[in-house]
Amino acid sequence: MAARGVAVLLSWLSCCGSALWRYSTSSPNYRIFSTRSTIKLEYEGTLFSEWHVPETCSVKDKSSPSTELRCSSPGIQIIRPIVTGPDLEEERYLFVGSSNTCFLWYYRVKNFPQNLTQIVVIWVYDPENADLSELLWEADFPSLNSIMLSKQLATLGQEPVLYTFLKRKVYFPQKKLENGAWSISIPMAVDDALKEIKGNQVAFQDCFVANSFFMLTFPLLTIPEHPSFLPISSPRGSQLMSSWQACVPSFAVVVSDMETFQTNDSFRTWTRIRVPPNALTDDERHSVSAVILSRDGIFFLINGVLYVKSFTAFTRLGSKENLPEGGIVGITSRKWCWVKYLLKASERRSSMAVWTRNEVYLGYTSLTFVKIITTKKLGEILAISPGATLTIHNVEYTGHPLELGLLLNYCITCTVTKKIHLVLYNEDIKEWVLQDFELNVMIDSSIILRFLHSAMPELILWDKHRIYYSYYNIINAGVLQTPTKFGNLSELSHNSIIHDVFIDYYGNIVVKMENNMMFFFKINIRDAVKLHVWANNTTKSLIFLNTSGGTYLVYVFKNGTIFPQEYPLNLEAQSIALKTKEKCPFVAFHSNILHIFYILDKGQNLTVWAQIVYPENIGLHIIVESYGPKILQKKEQVHYETALRYCTKTTTITFFQNVNYEAVDDYFELQYRKTGLLLVQVRPSEYAKTCPISPKVFQIAVGCDPSKYIAVKGFNNKRCTQHDLYYTIEKSYLRDRPLKNLKVKYNWKKYGCPRRLDFREKFHPLIQLYDEDGFIEDVEVNFIVWEIHGRDDYSFNTTMKKSGCLNEAQTWKSMTELNKHLPLEKAWGPENYKHCFSYAIGKPGDLEQPYEIMNKSNRNHLVWPMYHTGMYVFQVKILDPNYSFCNLSAIFAIEIFGVIPSPSGYLVVSFLFFLLLLFFSILVLSYFHYMRIYKQHVYEPDYKIERKHKNS
């Protein structure tokens, strides 16, 4: 389809519109624009004569409207077409570099949803000698030239490695080069979409392979076409409208006045979105006024009613979904991608906003909508005069991941003019704040707003003719100026009106008029310049971001087809800057800010640095701005040096929190006040349209990292045979002394594999801290353990006195008696922990009691009973209130063996009775034996005894 689309594009553009000229290269996104590149020139119009190029460049056919250009020397090349007639065509100042980067990485992705993996097949290709399928990005396997090139580089030690930006993961090829390509297996991920292919510094014929940046996430499917369905479109003659996923800009939808198109690969391929024949009337099908692309489908706003098109149905939304049945003015979705953020009070974040003139609704996944405010309630919150008329003009998500901006119409007489006010809403803490912003416009004016990618609330607004800006936390406001006409862009574009404004993550802002003329400026800049004409004034187009972060134009033709074309925004802006001789005030701006999200726990700090290099005697510096709650302290250090007439200024910034959470009146309330989300921006003090970089914007979340968890060392959940296991706990071993024994079913999934210990073996748990990236550290702070089923037939080998306590320490017995209304696991924790090492804390008591608090170094061990075995399932919890915002706990199980079971009491009593009976029997028998002997000597005569002796 791409090759057919190229032919359609050229034929359409060549026959319609005014004269213009363009250039292109075989390198995607114009990444290689050097003396090695073949630059294709193309002129549209009937007055062409020949090309005028500098002497350092050569043209293949000077008199052909479509030809090729090569420049042998690097530098600024002034190129323009010579035409017949009095008028002159505009000239471009193209900077042709001399880079040794000649080759690029080509990749194809194979999805395996059954095991949630993706295979990235990678090879090296030369854009100047690649097959057409590779240039159109349609190749499934390398061409013969690419196979030879990849093999040659592989023998020299080249090998691709895939890096991810957000999670900093690294993936290597599974095998060596096979069939001219490498294969890398990676897991599918939603929150780690930014990826980069990097190779070794290997050169072939003095040429290197450029790193390749792209986005890759779960495969997103487009809604398939149905042959019997009918088109859905905007009103006849209207301009294009679009929507895209904030974190996956290649997944987009475009609505024209003929069809609706959807893509998942930046319109390399696309499908038409159509609706069932009886779902809408013919008038309604051609009345789309707004569109939003979301995970639940494509939302269409038609005549004040919201519809959604999913894979299975086309549904009208209304009261069933908690939305009005009509009167909806607008819908919007998030424009900036924040994969990670900290929710302080809420459990979820909205994905879209819906509003009427007097109500605002937030939309969540699964078609859930919640009304958050009415203008009546908003007037009471903002203390607006009851006699004034207050309506909602427009709604847009801000650059903050949790905020929403409302433009409000405010007037009293409401006949000629009205005032536009701005209110920001934080959907996490449910807070409305009226901003110091006011714009006076005509009563029938329609204002559109767009927030910039910045830490502070900064925005631009536009009507049909002008751009309004509000920078630096809505302090510096005004009208965007132009060299002439005092900011009226219509007068500079043949009375055309503003169609759309494109903003990217690099600070570039392009104002596109309906006749395809464009104006360019950057964030925090107060004037704009007119760009070269790129498309004729009859073709409808839009500007998008592709998967590599580059810009491209999407054209929709009258035959119902759509075609993307890469647009060299940086080269075009650079050409204008070279012509006007505008320069960036600094030479370089660097920083070590590699992530866009940092999370700080208790006791942690964050140190970043930024460096600016600028010519001597200019006097630049680095500005650090933060937006959000005042929960962090900041310390800055500036290092300055001068060399070779250039100044280098390095600013080091440390963010930290200095709060003691121990023994406070309300632990949870203090934690709530000291957690939150800050946006931080690091930028140069001066900026210009020619500066290649934008301010660094990142988040600092202070609170619990949900990926953190603890585990007890030495316990494995997989190295044991799981089976149905039931055991009984003697009632006398239970803490509450119930009337019956407790029967327990062992939960292998929850408790893991038990560790078997001899009853003579003491046990000291070693707690380890982990996160999604693995092991962090051994936990050295205090923690407590308890048997989750209520056993208390174990003890500790260390007493309070041996541990150094000056007052009686907290114990499970004292804490449960103090908190009888709470379950066992909540009776004792960091919220009520008090140490025993001060005379001022606690009270004197028996210090010979067991000390029930453990840590890595206090040598406190669990001691087992001597007379019975048992299964113990313990839960461990961090007790130190200054360690973490997270409620860190883990479960481990221990099975005691080796004890000789004690006999029953009846057997012992019987045995003792038998011994006593035997003893008394022997005594009685001895008594009678010795009595017989005594009688013989006392009562019988002596002579009889003597006779007996003689006879014997």
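### Observations concerning the overall build of the protein chain
- Along the protein chain, the regular secondary structure elements total twelve helices and 63 strands.
- Radius of gyration (C-alpha) of the protein chain: 39 Å, far over the 30 Å computed for a compact globule of 952 residues.
- Along the first, second and third principal axes, the C-alpha atoms of the protein chain reach 175 × 80 × 70 Å.
- Out of the 952 residues belonging to the protein chain, those deemed buried represent 51%.
- When contacts within the protein chain are restricted to residue pairs at least 6 apart in sequence, long-range pairs at least 24 apart make up 63% of them.
- Side chains of the protein chain give 99 positive and 90 negative charges; the mean places of these two sets differ by 6 Å.

### With respect to the nonpolar core
- Grouped together as the largest cluster of nonpolar side chains are 58 residues, with contacts concentrated most on Ile 460, Ile 467 and Phe 521.
- When residues of this core are assigned to their parent elements, the largest contribution, five residues, is made by strand E47 (residues 605-615).
- Here Ile 467 is in contact with Ile 460, Leu 461, Trp 462, Gly 478, Val 479, Leu 480, Leu 489, Ile 498, Val 501, Val 511 and Phe 521, once residues within four sequence places are set aside.

### A few points about the state of the cysteines
- As enumerated under the stated definition, the model contains eight disulfides in all.
- The partner cysteine of Cys 584 in its disulfide is Cys 691, sulfur to sulfur 2.1 Å. The sign of the 95 degrees torsion about the S-S bond sets the Cys 584-Cys 691 disulfide as right-handed. Linking Cys 584 in the loop between helix H6 (569-580) and strand E45 (588-591) with Cys 691 in the loop between strand E51 (676-684) and strand E52 (696-702), this pair joins segments that are 107 residues apart in sequence. Of the two residues examined, Cys 584 and Cys 691, each falls in the buried class.
- The thiol of Cys 647 is not disulfide-bonded; the next cysteine sulfur, from Cys 584, is found 15 Å away.

### What about the packing of aromatic side chains?
- Considering all chains together, one arrives at 48 aromatic pairs under this definition.
- Between Trp 21 and Trp 51, the aromatic rings sit 5.6 Å apart at their centres with planes inclined by 70 degrees, giving edge-to-face as the arrangement. Here Trp 51 lies in strand E3 (residues 48-52) and Trp 21 lies in strand E1 (residues 20-24), a separation of 30 residues in the sequence.
- Trp 21 gets classed as buried once you look at its relative accessible area, which sits at 0%.
- Judged by relative accessible area, Trp 51 falls into the buried class, the value being 0%.

### Some thoughts on the sheet that holds strand E57 (residues 767-771)
- One open sheet holds the three strands; their spatial order is E53-E57-E58, and the pairing between them is antiparallel. Each edge of the sheet is formed by a strand with only one pairing partner; in this case those strands are strand E53 (709-712) and strand E58 (774-778). In this sheet, adjacent strand axes meet at a mean angle of 35 degrees when their direction is disregarded.
- Pairing of E53 with E57, which is carried by four bridges, proceeds in the antiparallel orientation.

### Side note on the sheet that holds strand E41 (residues 529-530)
- Pairing in this open sheet of four strands is antiparallel, and the strands run E38-E39-E40-E41 from one edge to the other. Each having just a single partner strand, strand E38 (498-503) and E41 make up the two edges of the open sheet.
- Note: E38 against strand E39 (residues 508-513), five bridges, orientation antiparallel. Paired with Val 501 across the strands is Val 511, a residue of E39.
- Each of E38, E39, strand E40 (518-522) and E41 touches H6; the most contacted strand, E39, lies at about 90 degrees to it.

### A look at the pattern of salt bridges
- Counted by the stated rule, this structure contains 31 salt bridges.
- Glu 196 is the salt-bridge partner of Lys 198, the closest N and O atoms lying 3.9 Å from each other.
- You can call Lys 198 partly exposed: its relative accessible area is 31%.
- In this structure Glu 196 comes out as buried when scored by relative accessible area, which is 13%.
- Here Glu 259 makes a salt bridge to Arg 274, at a shortest N to O gap of 2.4 Å. Taken together, the positions of Glu 259 in the loop between strand E18 (248-255) and strand E19 (260-263) and Arg 274 in strand E21 (residues 274-275) put the pair 15 residues apart, joining distant regions of the chain.
- For Glu 259, a relative accessible area of 7% gives the class buried.

### Thoughts on the pairing of strand E23 (residues 297-302)
- In terms of burial, E23 is a largely internal element, six of the six residues being buried.
- Here strand E22 (residues 288-294) pairs with E23 via six bridges, running antiparallel. Across the sheet, residue Leu 293 finds its bridge partner in E23, namely Ile 298.
- Between E22 and the antiparallel strand that follows it, E23, lie two residues.
- Sheet analysis places E23 next to strand E24 (residues 305-309), joined by five bridges and oriented antiparallel. Paired with Ile 298 across the two strands is Lys 309, which belongs to E24.
- As consecutive antiparallel partners, E23 and E24 are separated by two residues, and within that stretch Asn 303 has a phi angle of approximately 50 degrees, a positive value.

### With respect to H6
- Given a rise of 1.5 Å per residue, twelve residues ought to cover 16 Å, and the 17 Å separating the end C-alpha atoms of H6 matches this to within 8%.
- Listed in full, the buried residues belonging to H6 are Leu 569, Leu 571, Glu 572, Ala 573, Ser 575, Ile 576 and Ala 577.
- Downstream of H6 by a residue or two, Lys 581 has a phi angle that is positive, lying close to 60 degrees.

### Quick word on unusual backbone geometry
- Positioned with a positive phi, Asp 206 is a non-glycine residue whose angle comes to about 65 degrees.
- On the secondary structure map, Asp 206 appears in the loop between strand E13 (194-198) and strand E14 (208-209).
- Judged by its relative accessible area of 63%, Asp 206 is exposed.

### Description of helix H3 (residues 144-155)
- Taking 1.5 Å of rise per residue, twelve residues should cover 16 Å, and H3 covers 17 Å from first to last C-alpha, within 8% of that figure.
- Considered for burial, the residues of H3 that qualify are Ser 146, Ile 147, Leu 149, Ser 150 and Leu 153. Seen end-on, H3 carries its buried residues on one side only, within an arc spanning 170 degrees. Of the exposed residues in H3, those oriented more than 90 degrees away from the buried face are Leu 144, Met 148 and Thr 155.
- Where H3 ends, the next residue or the one after it, Gly 157, has phi of about 105 degrees, a positive value.

Rules of the game
- Residues numbered from 1 in each chain as written.
- Predicted model: local features only at pLDDT ≥ 70, side-chain atom pairs only at ≥ 80, totals over all residues.
- Heavy atoms only, no water.
- Helix = DSSP H or I, 4+ residues; strand = E, 2+ residues; numbered from the N terminus.
- Rg over C-alpha atoms; globule rule 2.2 N^0.38 Å.
- Buried < 20%, exposed > 50% of the residue type's maximum accessible area, 1.4 Å probe, protein only.
- Contact = heavy atoms within 4.5 Å.
- Lys, Arg positive; Asp, Glu negative; His and termini not counted.
- Charge placed at Lys NZ, Arg CZ, Asp CG, Glu CD.
- Core = buried A, V, L, I, M, F, W, Y, C linked by side-chain atoms within 4.5 Å.
- Disulfide = S-S within 2.5 Å.
- Phe/Tyr/Trp six-rings, centres within 6.5 Å; stacked < 30°, edge-to-face > 60°.
- Pairing = 2+ DSSP bridges.
- Axes fitted to C-alpha atoms, helices over the stretch in contact; angles between N-to-C directions.
- Salt bridge = Lys/Arg side-chain N within 4 Å of Asp/Glu carboxyl O.
- Expected span 1.5 Å × (residues − 1).
- Arc of directions from axis to C-beta.

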